[in-house]
Amino acid sequence: MTVEQLKELAEDPKKFLNRCRHHEQRIKMKKDQIQHYRDMEYSITAAIKDIPSFGNKPTSKIENCSISIMAIEEDIQNEILEIQKDRALIRKAINLVDDEDLRQLLEARYLNELKWEEIALLLNHSYRWTLRLHGKALKNISQKAKEAILSHA
């Protein structure tokens, strides 16, 4: 991890660990857009040309929808690449924590995206105790990031 990433982690560990969630929300919205364009394609009653108009301006509504879908799918692929990079960063951040239970809690929440109730069952703790452990884990990871920054200096 870079010093800049460690500073970000030390300053706001929850925001840092939620990086993937934001990408996944954007992917979901883009999939909804694709569905919208597909619905438009199926509702359009235009004649489909035998020869596509590559290089030219799209001439039919179906072509417009198809081009829009392709552009959104490319955006989704870029988001997936970002998720893979962020997952590796999150895993490195979580591995800074020494305590196995805290590490397991962070992995369950930020890598496996489990709900608090599921994490409580997994760790065999009450819901409230799980939330308290989460607070402890965030403080721990922030402290470890600060220590890593000092060791880089």
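What you see is a predicted model; the values in this text were computed from it and never measured.

A. Region of interest: the pattern of salt bridges. Per the stated rule, a full pass over the model turns up 9 salt bridges. A salt bridge links Lys28 to Asp32; its shortest N-O distance comes to 3.4 Å. With Lys28 and Asp32 both in helix α3 (residues 19-43) and 4 residues apart, this pair spans about one turn of that helix. Judged by relative accessible area, which is 44%, Asp32 ranks as partly exposed.

B. Region of interest: the packing of helix α5 (residues 100-111) against helix α7 (residues 127-152). Taken N-terminus to C-terminus, the directions of α5 and α7 make an angle of 100 degrees; their axes are 9 Å apart at the nearest point. The angle between α5 and α7 falls in the class roughly perpendicular. Counted together, Leu102, Leu105, Leu106 and Tyr110 of α5 and Thr130, Leu133, His134, Lys136, Ala137, Leu138, Asn140 and Ile141 of α7 form the full contact between these two elements. Class assignment for the residues of the contact of α5 with α7 results in 8 nonpolar, 3 polar and 1 charged.

C. Representation of unusual backbone geometry in the model. Of note in this structure, Glu113 is not a glycine but carries a positive phi near 55 degrees. Along the chain, Glu113 turns up in the loop between α5 and α6 (116-123). With relative accessibility at 34%, the residue Glu113 sits in the partly exposed group. Of note in this structure, Asn124 is not a glycine but carries a positive phi near 60 degrees. Checked against the element boundaries, Asn124 lands in the loop between α6 and α7.

D. Representation of the environment of Glu41 in the model. Within the fold, Glu41 resides in helix α3. Sequence-wise, Glu41 and Glu63 are 22 residues apart; in three dimensions their C-alpha atoms are separated by 8.6 Å. Here Glu41 is in contact with Ile62, Cys65, Ser66 and Ile69, once residues within four sequence places are set aside.

E. Highlighting the packing of helix α1 (residues 3-11) against α7. Closest axis-to-axis distance for the α1/α7 pair is 8 Å, and the angle between their directions is 150 degrees. By the criterion of interaxial angle, the relationship of α1 to α7 is roughly antiparallel. For the pair α1 and α7, the sense of crossing is left-handed. Contacts from Val3, Leu6, Lys7, Leu9 and Ala10 of α1 reach α7 at Ile141, Ser142, Ala145, Lys146, Ala148, Ile149 and His152. Here the contact of α1 with α7 is built from residues that sort into 8 nonpolar, 2 polar and 2 charged.

Rules used throughout
- Residues numbered from 1 in each chain as written.
- Predicted model: local features only at pLDDT ≥ 70, side-chain atom pairs only at ≥ 80, totals over all residues.
- Heavy atoms only, no water.
- Salt bridge = Lys/Arg side-chain N within 4 Å of Asp/Glu carboxyl O.
- Helix = DSSP H or I, 4+ residues; strand = E, 2+ residues; numbered from the N terminus.
- Buried < 20%, exposed > 50% of the residue type's maximum accessible area, 1.4 Å probe, protein only.
- Axes fitted to C-alpha atoms, helices over the stretch in contact; angles between N-to-C directions.
- Parallel < 35°, antiparallel > 145°, perpendicular 65-115°, else oblique.
- Contact = heavy atoms within 4.5 Å.
- Nonpolar A, V, L, I, M, F, W, Y, C, P; charged D, E, K, R; others polar.
- Left-handed = near helix turned anticlockwise from the far one by under 90°.

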